[in-house]
Amino acid sequence: MKQGISDHIDRQLLKELQLNADLSQRQLADRIGISQNACWRRLQVLTAAGVLQGSSARLDREQLGLGLVVFVMLRTRHHSADWLARFRRHVLTIPEVVDFHRIGGDYDYQLKVVTEDMASYDRVYQRLIEKVELDSVTSYFAMEAIAEGRPLPL
């Protein structure tokens, strides 16, 4: 059993919430087949355990004029704790960076940048390299989003 999830009912609650976090507790309880009180108690336990961490709205990038998605692969020669702390703080000041991972393999970090167009990405790139030394920066431009923001596999 996955940590923080006690049974199939918890998994079903989380699956439903990933699909539609706007459901009321009554609607959620009805979909799962439990009482509204039981639903509320389970949601409280999942929240206290840190499994359920609030809710958010999914936005349509294209409708908002954010049509360019860039996967940025970074390599560095620096691996000290001080450099990493400065680098993390710096990257997290760039709002166009929507995902940020330290990875294994040929690169050290992967960023997902969402922005308007190539000129706006260039401004993000300039901000990215202005305060920390990087060995290499490689950008891959998404041509089509086949699946984005999919629910976690429970």
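Residues numbered from 1 in each chain as written. Predicted model: local features only at pLDDT ≥ 70, side-chain atom pairs only at ≥ 80, totals over all residues. Heavy atoms only, no water.

1. Considerations on the packing of helix α1 (residues 8-19) against helix α3 (residues 36-48)
Where we set the bar: To define axes, lines are fitted to C-alpha atoms, for helices over the stretch in contact only, and angles between the resulting N-to-C directions are given on a 0 to 180 degree scale. Put simply, DSSP H or I for four residues or longer makes a helix, DSSP E for two residues or longer makes a strand, and each gets a number counted from the N terminus. Orientation labels follow simple angle bins: below 35 degrees gives roughly parallel, above 145 gives roughly antiparallel, 65 to 115 gives roughly perpendicular, and whatever is left gives oblique. Contact criterion: two residues are considered in contact whenever any of their non-hydrogen atoms come within 4.5 Å of each other.
α3 packs onto α1 with a crossing angle of 85° between their chain directions and a minimal axis gap of 11 Å. With respect to their mutual orientation, α1 and α3 come out roughly perpendicular. Residues Ile9, Asp10, Leu13, Leu14 and Leu17 of α1 form the contact with α3, whose own contacting residues are Cys39, Arg42, Leu43 and Leu46.

2. A few points about the environment of Glu130
Quick note on the threshold: Each residue is assigned to one of three classes by its accessible area relative to the maximum for its type, calculated with a 1.4 Å probe on protein chains only: buried under 20%, partly exposed between the two thresholds, exposed over 50%.
Mapped onto the fold, Glu130 is located in helix α5 (residues 118-130). Judged by relative accessible area, which is 52%, Glu130 ranks as exposed. Each C-alpha atom of the pair Glu130 and His90 lies 9.6 Å from the other, and the pair is 40 residues apart in sequence.

3. Quick look at the side chain of His90
To keep things clear, this is the line we draw: Two N or O atoms form a polar contact when they lie within 3.5 Å of each other; inside protein one atom must be a possible hydrogen donor and the other a possible acceptor, and for residues adjacent in sequence the pair counts only when both atoms belong to side chains.
Note on placement: His90 falls in helix α4 (residues 81-91). Side-chain polar atoms of His90 contact the backbone oxygen of Arg127, separated by 2.7 Å. The contacts of His90, once residues within four sequence positions are left out, are Arg127, Leu128, Glu130, Lys131 and Val132.

4. Here we look at α3
Basically, it comes down to this: Multiplying 1.5 Å by the helix residue count minus one yields the expected span of that helix. To obtain the arc, one takes the directions from the helix axis to the C-beta atoms.
Its 13 residues place the ends of α3 18 Å apart at the C-alpha level, agreeing with the 18 Å of an ideal helix rising 1.5 Å per residue. Among all positions of α3, only Ala38, Cys39, Leu43 and Leu46 are buried. Here the buried residues of α3 occupy an arc of 135° about the axis, which is enough to place them on one side. Set apart from the buried face of α3 by more than 90 degrees, the exposed residues are Asn37, Val45 and Ala48. Against the buried residues of α3 lie α1 and α2 (25-32). At the C-terminal side of α3, Gly50 shows a positive phi close to 85°.

5. Re the side chain of Glu16
For Glu16, the location among the structural elements is in helix α1. Within the structure, Glu16 has its side chain in polar contact with the side chain of Arg31 (distance 3.2 Å). Residue contacts for Glu16: discarding those within four places in its chain leaves Leu23, Leu28, Arg31 and Ile32.

6. Here we look at α1
Across its twelve residues, α1 extends 17 Å between first and last C-alpha, which sits within 8% of the 16 Å expected from 1.5 Å per residue. Listed in full, the buried residues belonging to α1 are Ile9, Asp10, Leu13, Leu14, Glu16 and Leu17. The buried residues of α1 occupy an angular sector of 160° when projected down its axis, which confines them to one face. Exposed and oriented more than 90 degrees from the buried face of α1 are His8 and Leu19. Structurally, the start of α1 carries an N-cap: the backbone nitrogen of Ile9 is 3.1 Å from a side-chain oxygen of Asp7.

7. A few points about the pattern of salt bridges
Put simply, the test is: Any carboxyl oxygen of Asp or Glu that lies within 4 Å of a side-chain nitrogen of Lys or Arg is treated as forming a salt bridge with it.
Taken as a whole and judged by the stated rule, the model has nine salt bridges. Residues Arg42 and Asp10 are paired through a salt bridge, measuring 2.7 Å at the closest nitrogen-oxygen approach. Note that Arg42 is positioned in helix α3 and Asp10 in helix α1, a separation of 32 residues in sequence. Glu62 is the salt-bridge partner of Arg61, the closest N and O atoms lying 3.9 Å from each other. Ionic contacts of the salt-bridge type, sharing partners, join the residues Arg61, Glu62, Lys112 and Glu148 into one network.

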